[in-house]
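Per-entry structural report
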Amino acid sequence: MIGLAVAAALLLAVWHFARLPGDGPLIGPLHSAAHFPLFGLLAVIVFIALRRFATPGRQSPWGVYGGTLVVMLMISSVTEWSQQFTERDASLWDVAVNMAGTVTALALIALYDRQVAEFTQTRLRKLSLALLPVILAALVLLPVAGISAALMKRDADFPCLVCPKNRVDLWMIDRNGASVRLAAGPDRETHLEILMKTSAFPGVSWEWPVKDWRGFDALVLELGNPGPLPLDLTLRIDDLHHNFRFTDRFNQRVTLQASSRSRACILLTDVENAPEARQMDLSGIARLMLFSSEASHGSRFRIYGIRLIRHQEMESC
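The text that follows walks through the structure, step by step, so that each part is easy to find. (Residues numbered from 1 in each chain as written. Predicted model: local features only at pLDDT ≥ 70, side-chain atom pairs only at ≥ 80, totals over all residues. Heavy atoms only, no water.)

**Structural notes on empty space enclosed by the protein**
How we decide: Put plainly, a pocket is an open set of points on a 1 Å grid over the protein atoms alone with protein on both sides within 12 Å along at least five of seven lines, a cavity is a set where a 1.4 Å probe fits but cannot get out, and a lining residue has an atom within 4 Å of a point. Grid points are joined across faces, edges and corners, and a volume is the space filled by probe spheres set on the points. Helix numbers and strand numbers start at the N terminus; a helix is a DSSP run of H or I with at least 4 residues, a strand a run of E with at least 2. For this classification, the nonpolar set comprises Ala, Val, Leu, Ile, Met, Phe, Trp, Tyr, Cys and Pro, the charged set comprises Asp, Glu, Lys and Arg, and every other residue, Gly included, is treated as polar.
Inspection of the entire model under this criterion finds one cavity of 30 Å³ or more. Those elements that place two or more of their residues in the lining of the largest cavity are α6 (123-157) and β1 (160-162). Here the element with the most residues in the lining of the largest cavity is α6; it accounts for four residues. Counted by class, the lining of the largest cavity contains 15 nonpolar, no polar and four charged residues.

**Let's talk about the pattern of salt bridges**
Formally: In the sections that follow, a salt bridge refers to a side-chain nitrogen of Lys or Arg positioned within 4 Å of a carboxyl oxygen of Asp or Glu. Residue burial is assigned from relative accessible area. The probe radius is 1.4 Å, only protein chains are included, and a residue is buried under 20% of its type maximum, exposed over 50%, and partly exposed in between.
Evaluated as defined, the whole model comprises 16 salt bridges. In this structure, Lys153 engages Asp169 in a salt bridge whose closest nitrogen and oxygen atoms are separated by 2.7 Å. With Lys153 in helix α6 and Asp169 in the loop between β1 and β2 (174-176), this pair connects stretches of sequence that are 16 residues apart. The residues Lys153 and Asp169 share a single accessibility class, namely buried.

**Considering the sheet that holds β2**
This is how the line gets drawn: When DSSP finds two or more bridges between two strands, those strands count as paired. Think of each axis as a best-fit line through the C-alpha atoms, taken over the contacting stretch in the case of a helix, with angles from 0 to 180 degrees between the N-to-C directions.
Read from one edge to the other, the open sheet built from five strands follows the order β2-β5-β10-β7-β8, with strand pairing classed as antiparallel. Of all strands in the sheet, those with a lone pairing partner are β2 and β8 (250-256), marking the two edges. Each strand of the sheet is rotated relative to its neighbour by a mean of 20°, with strand direction disregarded. With seven bridges joining them, strand β7 (residues 231-239) and β8 adopt antiparallel strand pairing. Counterpart to Asp232 in the pairing with β8 is Thr255.

**Remarks on the state of the cysteines**
Short version of the rule: By disulfide we mean two sulfur atoms from cysteines, separated by a distance within 2.5 Å.
If you walk through the whole model with that rule in mind, you get one disulfide. With its sulfur 1.6 Å from that of its partner, Cys160 forms a disulfide with Cys163. An identical accessibility class is assigned to Cys160 and Cys163; each is buried.

**Looking at the pairing of strand β4 (residues 190-196)**
Judged by how many residues are buried, β4 sits mostly within the fold: six of seven residues are covered. Both strand β3 (residues 178-184) and β4 contribute to a ladder of seven bridges, which runs antiparallel. The residue of β4 that forms the bridge with Ala184 is Thr190. The turn linking β3 back onto β4 is made up of five residues, and Arg188 within it adopts a positive phi angle of 70°. Pairing of β4 with strand β11 (residues 300-309) involves four bridges; the strand directions are antiparallel. Bridge pairing links Leu192 to Ile303 in β11.

Right under this line is the structure:
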C-alpha cells in the first residue's frame, strides 16, 4: 500500500508542477490531453488499492469500479479547484479529460478482470469495452487536431490573416463575451457572424496570427454591419513586447454604418509608430482584436476578411 501511495503522489506531483516547454496555441490543448494518460494511471492505482480492501463474495465486483470513479472524480475536482491559487486556471474540460482517462483505464481493466468475466464474455460487450478507450482518446485529442488544422490553414492563407471559409477558422478565435459562427450570404460568400453578448468589451481576438508583417504596407479589414444602427468597433494590435498599457499598443476606432459593408485600410507605419515610447515590432505581432463597448450588447457585425497588402494593391483602399 505504501508503494501505491507513493506512486499516486508522484503522478499528482507530475501533473501539478510539470509544464510543457515553449509557447504557442498547441501548448494548452496538449497539456490538457496529457491529463488523459496520467489520470488513467492514477485510476489503476486507486482501483488496485480498493480491490485489496474489498471483501470477496460480500459485495459486487463492480463496487470497486464505482468506488474508483467516485474517488477519481473527487481527486479531479479538488485538484482543478486548487489551481485557482496558482498561475494555472481551473477548467471543466480538464475535469472531463481526467474522467475520460479514468473510464478508459477501467474499461481496459474490465476486459481482463476475471471477477467480471461473466459480464464481459460476450463479443459485443468486449467490443464495446475495447472501442470505448479509442472513442474517448479521439475526443480528448480533438482540440489538438482542430488547432493543428487551423494553424496549417493560417499559414497557407497568409497574407490573408482572417479568411473565413470553413469551420476550421473557428478554432483560432478567442471569444470575449461574444458568440461566433460561420455564415454565408445570398451570394454564398462566407463570413464570420459575431453576436456581442456580455462583458465590458465584447468582441473577438486572434492570439496567434502569423507574426511577421514586414514587407507589407497596410492592413485591410472587410467588415459588415447588418444592424439598423451604426456600430463603433476598436481594432487593437499588440506585439510580443507589449506591456499591457493602453499607450503601448495600436488602437483605432472603426465605425460601421447601419446596414452596410465597408472596408478599412490601416497603414502599417501607423501601427509601427503607435506605442508611445518605442516602435512596434512588425516581425513579432502577437494579437489582433476587434471589440466594442458594453453598450453594444445584442449588436452584430460581420468579418468578410482581414488581410495584409503591399503598396501596389493600395488603390483598393
